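Architecture at a glance
Residues per chain, in single letters:
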Amino acid sequence: MQLAQTVASGKSVAGVNWDDVHKMNAQHATEHVAVSKAEALELLKRNSQAAAAAISGLTDAELDRAAPVSLNGDAPLTCQFVIEDRALRHSFHHLARIRAAVAW
């Protein structure tokens, strides 16, 4: 949501590359290696509620606003696209992997 909120404010997302994202993900994995299922589900619930509240608080103008995003070769992306491509699609990607892991 931070990337989307940056774009919503009209600022470009600069200097962020995929190596940065991979390092952040690796750090999160290391920091949370011993998390329990209950803790993971609680974090998911809290973060989902916070993301939903943040998205609901955006105006149509903010959703339509576009700015260059370094993760996409500095292409101008709308806030709405960033939300749909990052926050929502990424969540579905993880859900699919979880379902496959538990054969759901």
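Residues numbered from 1 in each chain as written. Predicted model: local features only at pLDDT ≥ 70, side-chain atom pairs only at ≥ 80, totals over all residues. Heavy atoms only, no water.

1. Quick look at the side chain of R86
The condition is simple: Helix and strand definitions follow DSSP, with helices as H or I runs of at least four residues and strands as E runs of at least two, each counted in order from the N terminus. In what follows, residue pairs with any heavy atoms lying within 4.5 Å of each other are defined as contacts.
Relative to the helices and strands, R86 is located in helix 5 (residues 79-101). Apart from residues no more than four positions distant in its own chain, R86 is found in contact with L3, W18, L71, N72, F81 and S91.

2. A few points about the pattern of salt bridges
What counts is decided by this rule: Within this document, salt bridges are pairs made up of a side-chain nitrogen of Lys or Arg and a carboxyl oxygen of Asp or Glu, the two lying within 4 Å of each other. The cut-offs for exposure are 20% and 50% of the maximum accessible area for each residue type, with area from a 1.4 Å probe on protein chains only; residues under the lower value are buried, those over the upper are exposed, and the others partly exposed.
On inspection of all chains with the given rule, the structure shows 3 salt bridges. We note a salt bridge from R46 to E42, for which the minimum N-O separation is 3.9 Å. Placement of both R46 and E42 in helix 3 (residues 37-56) is noted, with a separation of 4 residues, approximately one turn of the helix. With relative accessibility at 45%, the residue R46 sits in the partly exposed group. Looking at E42, the relative accessible area reads 37%, which means it is partly exposed. Taking the shortest distance from any N to any O, the salt bridge between D85 and R89 comes out at 3.1 Å. With D85 and R89 both in helix 5 and 4 residues apart, the pair spans about one turn of that helix. One network of salt bridges, in which partners are shared, links D85, R86 and R89.

3. Concerning the environment of H93
With respect to the secondary-structure elements, H93 resides in helix 5. C-alpha separation for the pair H93 and A51, spaced 42 residues apart in sequence, amounts to 17 Å.

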